[in-house]
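Residue-level structural notes
Spelled out from the first residue to the last, the chains are:
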Amino acid sequence: MWFSLKSDYLLVQIICAFIMMQIFHTQQIVFAYHLSFTSKSPSSKELLLCNGNADICDLRYDQVTHAGTHNSGTYNLKYDCNSTIKLCKSKFQVPGICQPLEKVCEKSFPPLAVECFWENNPQHNIATQLKDGIRLFDFDTCLLDNNEVVNCHGMGNIRAIGEGLDPTFTQMRDFLKSNPNEVISIEFGDTDGDKKIISSHLQSKLEEYFASGGESMIYIRNTKKEAWPTLGKMIKSGQRIVVWFGSGLYNSTPDRKPWIQNTADWFVNSYTYTEKVETAAQLNSSFAEWCAPDKAKKFIEEDMKNLDFARWQTIDQTVGASPEYILRSIEKKEKIGSVCLRNLAIDVNYELLSITSNLCYPVFPYIYRVRVDYYWQSDLFKVVDMLNQMNVKRIKNGS
């Protein structure tokens, strides 16, 4: 999102004021117990387990609901002052005019403020997420100086940046080597910067870490019509990673490898109808409307007519308070609700998550993923386990 430079500094101050108020005055919430995945050397008996569950080994990849995190790489972020200062210099081109901004930028966004507004998974790196049971990852990526791709959250001169691709992929590779019965999915969606450069970097690094030396850990589809393999077959073949690019990245990738899948070909991101949601009530209303039986039936009929299959559905149980929301509320003198991601996540990660799942599952053939922020303070694993139990019953009953 882009703002005029004149309003940027005011926006920074306003956002920080509300962030710091909510950080220091928020109620203490007891951490919810969450499932823990412990890495072990597999025994012959454990070879029957797929992602820790023997019941889903015979289910195809597209019959399993995957537990995921939203903006998986947003931890240990730092506000990108360089981007803001570059914009200042490019707009005014007057020597020294941007020096005051350089002095106050980082102080305007201390670590607690960055965590509040941009970090969806603070203090939980990829290794921790894998250990805890997350098997689907969503990465936003930004381009730095046209030669480096990093994890990030935000766009333009309002963004925070994190670690690069090397530490991210190293954590994944180390986990997969130590846990041969695990299947993971990696999605790359939002970007800030030249998509062609970003996609080229992503493809190159993915190949380096997971598809070099004559052995590829990345699943390759030969044709769009072939059936997806079962998790058991993926584990036996060693191709245990499914890589997804959003349409913008997918269509921008030079010399695209056959193991890159296009998200638009297979599933509907729930963000298409929840993108502007800023409260738990709005999120509930959006899912209730989308998963209404008559609307779902019409959607499935149109997909079957045009695509010969019904696209997968997703549950992205996330809410975000945008800067526009804060400024709009101030202008209208309305009460401003939670702006910190942690508080917003807790509002939707428990009862409302179960309500959404129970609402949408009966009316669609398949829920591909469930993603949340602050997964360790949620019912994510409980809900995904419930959905997979129902998936197993569906397949056994032939429905």
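Summarised in this report is the structure supplied together with it. (Residues numbered from 1 in each chain as written. Predicted model: local features only at pLDDT ≥ 70, side-chain atom pairs only at ≥ 80, totals over all residues. Heavy atoms only, no water.)

1. Points about the overall build of the chain
In plain terms, the rule: Working definition: helices are DSSP H or I runs of at least four residues, strands are E runs of at least two. Numbering for both runs from the N terminus. Remark: exposure states derive from per-residue accessible area (1.4 Å probe, protein chains only) relative to the maximum for the residue type, with buried under 20%, exposed over 50%, and partly exposed in between. What makes two residues a contact is simply this: any of their non-hydrogen atoms within 4.5 Å. Here, Shrake-Rupley sampling with a 1.4 Å probe gives the accessible areas, and only protein chains in the shown set may cover a residue.
For the chain, the count of helices and strands is 17 helices and 11 strands. A buried classification covers 52% of the 399 residues belonging to the chain. Taking all contacts inside the chain whose residues are at least 6 apart in sequence as the whole, residues at least 24 apart take part in 77%. Element-wise, carbon and sulfur atoms account for 53% of the exposed surface of the chain, whose accessible area totals about 19,100 Å².

2. Thoughts on the packing of helix α16 (residues 351–360) against helix α17 (residues 380–396)
We apply this condition: To obtain each axis, a line is fitted to C-alpha atoms, and for helices this fit is confined to the stretch in contact; angles are then taken between N-to-C directions over 0 to 180 degrees. Here the angle decides the label: under 35 degrees means roughly parallel, over 145 means roughly antiparallel, 65 to 115 means roughly perpendicular, and every other value means oblique. By the definition used in this description, the sense in which the near helix is turned from the far one sets the handedness, with an anticlockwise turn below a right angle giving left-handed and a clockwise turn giving right-handed. The nonpolar class holds Ala, Val, Leu, Ile, Met, Phe, Trp, Tyr, Cys and Pro. Asp, Glu, Lys and Arg form the charged class, and all remaining residues, Gly among them, are polar.
Where α16 meets α17, the closest approach of the two axes is 10 Å, and the angle between their N-to-C directions is 20 degrees. Put simply, α16 runs roughly parallel to α17. Note that α16 runs across α17; the crossing there is right-handed. Contacts between α16 and α17 involve Leu353, Ser354, Ser357 and Asn358 on the former and, on the latter, Leu380, Val383, Met386 and Leu387. Within the contact of α16 with α17, the residues separate by chemical class into five nonpolar, three polar and no charged.

3. What about the pattern of salt bridges?
Threshold: By definition here, a salt bridge exists when the distance from a side-chain nitrogen of Lys or Arg to a carboxyl oxygen of Asp or Glu is within 4 Å.
Counted according to the given criterion, the structure contains 15 salt bridges. Across the pair Asp192 and Arg159 runs a salt bridge, and its minimum N-O distance is 2.8 Å. Of this pair, Asp192 sits in strand β6 (residues 184–192) while Arg159 sits in strand β5 (residues 158–164); the two residues are 33 residues apart in sequence, bridging distant segments of the chain. The class of Arg159 is buried, set by a relative accessible area of 7%. Residues Arg369 and Glu187 are paired through a salt bridge, measuring 2.8 Å at the closest nitrogen-oxygen approach. Taken together, the residues span a long stretch of sequence, with Arg369 in strand β11 (residues 367–372) and Glu187 in strand β6 at a distance of 182 residues. Considered together, Arg369 and Glu187 belong to a single accessibility category, that of buried residues. Salt bridges here are not isolated pairs; linked through shared partners, they connect Asp138, Glu187, Asp316, Arg369 and Arg371.

4. Details of the state of the cysteines
Spelled out, the test is: Note that a disulfide, as used here, is simply two cysteine sulfur atoms within 2.5 Å.
Going through the model one piece at a time under the given rule, you end up with five disulfides. Here Cys116 is linked by a disulfide to Cys340, with a sulfur-sulfur distance of 2.0 Å. Between Cys116 and Cys340 the disulfide shows an S-S torsion of about -100 degrees. By sign, it is left-handed. Separated by 224 residues along the polypeptide, Cys116 in helix α4 (residues 111–118) and Cys340 in the loop between α14 (323–331) and α15 (341–348) bring together distant segments of the chain. Among the residues examined, Cys340 registers a relative accessible area of 6% and is labelled buried. Through a disulfide, Cys142 is tied to Cys152; the S-S separation comes to 2.1 Å. Across the S-S bond of Cys142 and Cys152 the torsion is about 85 degrees, and the bridge reads as right-handed. With Cys142 in strand β3 (residues 136–144) and Cys152 in strand β4 (residues 148–155), the pair connects residues that are 10 residues apart, well separated along the chain.

5. As for the pairing of β3
Here is the rule we go by: At least two bridges found by DSSP between two strands are what make those strands a pair.
Within β3, nine of the nine residues are buried, leaving the element largely enclosed by the surrounding structure. Both faces of β3 are covered, namely the face carrying Leu136, Asp138, Asp140, Cys142 and Leu144 and the face carrying Phe137, Phe139, Thr141 and Leu143. The pairing of strand β1 (residues 66–69) with β3 spans two bridges and is classified as parallel. Along β3, the bridge assignment pairs Thr69 with Phe137. Both β3 and β6 contribute to a ladder of six bridges, which runs parallel. Of the residues in β6, the one forming a bridge with Leu136 is Ser185.

6. Some words on the pairing of strand β7 (residues 241–245)
We apply this condition: Here the term right-handed applies to a crossover when the path leading from its first strand over the helix to its second strand runs clockwise, the strands being oriented away from the viewer.
Counting buried positions along β7 yields five of five residues, so the element is predominantly enclosed. Because side chains alternate across β7, one face comprises the buried residues Ile241, Val243 and Phe245, and the other comprises Val242 and Trp244, equally buried. Sheet topology note: the β7/strand β8 (residues 260–262) ladder contains three bridges and is parallel. By the bridge assignment for β8, Val243 is matched with Ile260. Chirality of the crossover, the property in question, places the unit of β7, helix α9 (residues 247–252) and β8 among those that are right-handed.

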